[in-house]
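A structural walkthrough
One letter stands for each residue in the lines below.
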Amino acid sequence: MYRPGLEVADVFHRHGAAWRKANAGHVSLSQLKVMSAIESCRSAALGGHVERCEDCGHSRISYNSCRNRHCPKCQGAAAKDWLAARQADLLPVDYFHVIFTLPAEITPIAYQGKAVVYDLLFRTAAETLLTIAADPRHLGARIGFTAVLHTWGSAMTHHPHIHIIVPSGGISLDGASWVPCRPGFLLPVRVLSRLFRRLFLAGLADAHAAGRLVFFGELEGLRRREAFAAHLAPLRRKNWFVYAKPPFSGPEAVLAYLARYTNRVAISNSRLVSLDERGVTFRYKDYRRNGQARFRTMTLAPDEFIRRFLLHVLPKGFHRIRHYGLLASATCKTNIARARELIAVPVPVIDPPAEHDDADLATSAATDHRPPCPCCGGRMIIVETFERCGAPRGPPSPDTGVRTAMP
């Protein structure tokens, strides 16, 4: 199995202990758990199993994955499983990509109150799209969409925004017809921006009044209602960023996009270049530049790299992928079938995914994705399992490398 030459785990292994000590009392339990999971992922600390080829007897060790949603190594298989489920919901129409972004003045408040502010970002962006789409002056239809939260920029700075994938049309308000968008045009961006701004600021003020926001450090003064209102006042006149990209070129392009975006983490291991006395060097995109000049490298001190990575740890139980309108889970299948009927295309027949017992999920996933024998191409079978911090009873084949289990 391919393994990048440098991983986020390597940075944590080398500098994590010193960083924890230097920042003791200022790191949340969730952030510490993420660090521990990434450090242990696909190592003997999590246990694993031994595989042996049925034909030639070649054997290898496969360590278990941490399956933490912030781990760069664990999201590939999770994305594949999620995409397989979404494929059945695609409609034979164009899809738009819409981005709702919080202004910089809100991001410090968002970091100190992640659960409240990120949830408000989801709710107000969704309400904005659903409201404007239902307006007869615009589309006059019920639409559906999938929203994915990203909290980072390319350099891992804190930059909360939501990517939304929207079919180019919806079901009429009376449910009798499919209402398509105008070619190449979804909804007026300026109208979306203004409603989003109004709804978000109103919701943020309500959260402050209800005592649901926390402020500490440099933001401590915002606890006072007058100071908070003064902080938000200029934002009521500022243009908020809502961007609608041209439609994708077919459903396959939508799936390719979702494959890149749904289970992404703050930085992938493939973007890391080096770890040395200067710090951590990685590739990023500078969107202020054009052409090849956009692709650059940046070097951060290890403590700053770790700090930026942990900025993006989400609250426990927070859902960063959500579905709204016609795609809301309770009525999704019914709405998709009705939309296909109105667009006059047959409903595809797709085999349901195999069900797995939760207790055996790690083993079943490894079975489904286990690569063939590297020596003869034969089928590999599990011949031994070992627990956390354990070791196999017998050594693998002398010429084998240690392999890692799929999440």
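Structure: above.
The structure displayed is predicted, hence computed values, not measured ones. (Residues numbered from 1 in each chain as written. Predicted model: local features only at pLDDT ≥ 70, side-chain atom pairs only at ≥ 80, totals over all residues. Heavy atoms only, no water.)

**Remarks on the nonpolar core**
- Among the nonpolar cores identified, the biggest contains 52 residues, and Leu 102, Val 117, Leu 129, Ile 164, Phe 196, Phe 200 and Leu 204 are the most heavily contacted of them.
- Residue assignment for this core shows that the elements contributing at least two residues are strand S3 (95–101), helix H4 (107–112), helix H5 (114–134), strand S5 (144–152), strand S6 (158–167), helix H6 (189–209) and helix H7 (225–232).
- Every residue in contact with Val 117, bar those within four places of it in the chain, is listed here: Leu 102, Ile 106, Ile 109, Ala 110, Phe 200, Leu 204 and Leu 213.
- In terms of nonpolar packing, the next biggest core, distinct from the first, is built from 30 residues, Cys 74, Ala 155, Tyr 284 and Leu 310 among them. (Core = buried A, V, L, I, M, F, W, Y, C linked by side-chain atoms within 4.5 Å. Buried < 20%, exposed > 50% of the residue type's maximum accessible area, 1.4 Å probe, protein only. Helix = DSSP H or I, 4+ residues; strand = E, 2+ residues; numbered from the N terminus. Contact = heavy atoms within 4.5 Å.)

**Quick word on the state of the cysteines**
- Taken as a whole and judged by the stated rule, the model has zero disulfides.
- Lacking any disulfide linkage, Cys 53 is separated from the closest cysteine sulfur, that of Cys 376, by 3.5 Å.
- In this structure Cys 53 comes out as buried when scored by relative accessible area, which is 4%. (Disulfide = S-S within 2.5 Å.)

**As for the pairing of S3**
- For S3, the tally of buried residues reaches seven of seven residues, placing the bulk of the element in the interior.
- Burial along S3 is two-sided: Tyr 95, His 97, Ile 99 and Thr 101 and Phe 96, Val 98 and Phe 100, pointing in opposite directions, are all buried.
- Where S3 lies against S6, seven bridges are found, and the strand directions are antiparallel. Directly across from Tyr 95, in S6, lies its bridge partner Pro 167. (Pairing = 2+ DSSP bridges.)

**Brief notes about the side chain of Gln 31**
- Position of Gln 31 relative to the elements: it lies in helix H2 (residues 29–40).
- On the accessibility criterion, Gln 31 (7% relative accessible area) is buried.
- The residues contacting Gln 31, other than those within four sequence positions of it, are Tyr 111, Leu 310, Leu 311 and Val 313.

**Here's the deal with the packing of aromatic side chains**
- Inspection of the entire model under this criterion finds 12 aromatic pairs.
- Aromatic side chains Tyr 118 and Phe 318 sit 6.1 Å apart centroid to centroid with 70° between the ring planes, which places their arrangement in the edge-to-face category. Placement of Tyr 118 in helix H5 and of Phe 318 in the loop between helix H9 (302–310) and strand S13 (321–325) is noted, with a sequence separation of 200 residues between them.
- Judged by relative accessible area, which is 0%, Tyr 118 ranks as buried.
- In this structure an aromatic cluster arises from ring pairing among Phe 100, Phe 196, Phe 200 and Trp 240.
- The lysine or arginine in question, Arg 182, covers the ring of Phe 185, its NZ or CZ lying 4.3 Å from the ring centre. (Phe/Tyr/Trp six-rings, centres within 6.5 Å; stacked < 30°, edge-to-face > 60°. Lys NZ or Arg CZ within 6 Å of the ring centre and 35° of its normal.)

**Thoughts on the packing of helix H1 (residues 8–22) against H9**
- Here H1 crosses H9 at 105°, and the two axes come no closer than 10 Å. By the angle class used here, H1 and H9 are roughly perpendicular. Counted together, Val 8, Val 11, Phe 12, His 15, Gly 16 and Trp 19 of H1 and Pro 302, Asp 303, Phe 305, Ile 306, Arg 307, Phe 309 and Leu 310 of H9 form the full contact between these two elements.
- Of the residues assigned to the contact of H1 with H9, the class counts are nine nonpolar, two polar and two charged. (Axes fitted to C-alpha atoms, helices over the stretch in contact; angles between N-to-C directions. Parallel < 35°, antiparallel > 145°, perpendicular 65-115°, else oblique. Nonpolar A, V, L, I, M, F, W, Y, C, P; charged D, E, K, R; others polar.)

**What about a positive patch on the surface?**
- Among the surface-exposed residues, Lys 245, Arg 260, Arg 264 and Lys 285 lie close enough to one another that they form a single positively charged patch.
- Turning to its location among the elements, Lys 285 is positioned in strand S11 (residues 279–285). (Patch = residues over 30% accessible without salt bridge, like charges linked within 9 Å, V, L, I, M, F, W, Y side chains within 5 Å. Areas by Shrake-Rupley, 256 points an atom, 1.4 Å probe, with all protein chains shown as cover. Salt bridge = Lys/Arg side-chain N within 4 Å of Asp/Glu carboxyl O. Lys, Arg positive; Asp, Glu negative; His and termini not counted. Charge placed at Lys NZ, Arg CZ, Asp CG, Glu CD.)

**Some points on H2**
- For H2, with 12 residues, the first-to-last C-alpha span of 16 Å sits near the 16 Å given by 1.5 Å per residue.
- For H2, every residue scored as buried is listed here: Gln 31, Val 34, Met 35, Ala 37, Ile 38, Glu 39 and Ser 40.
- On its buried face, H2 sits against H1, H4 and H9.
- Positive backbone phi, at 55°, marks Arg 42, one or two positions downstream of H2. (Expected span 1.5 Å × (residues − 1).)

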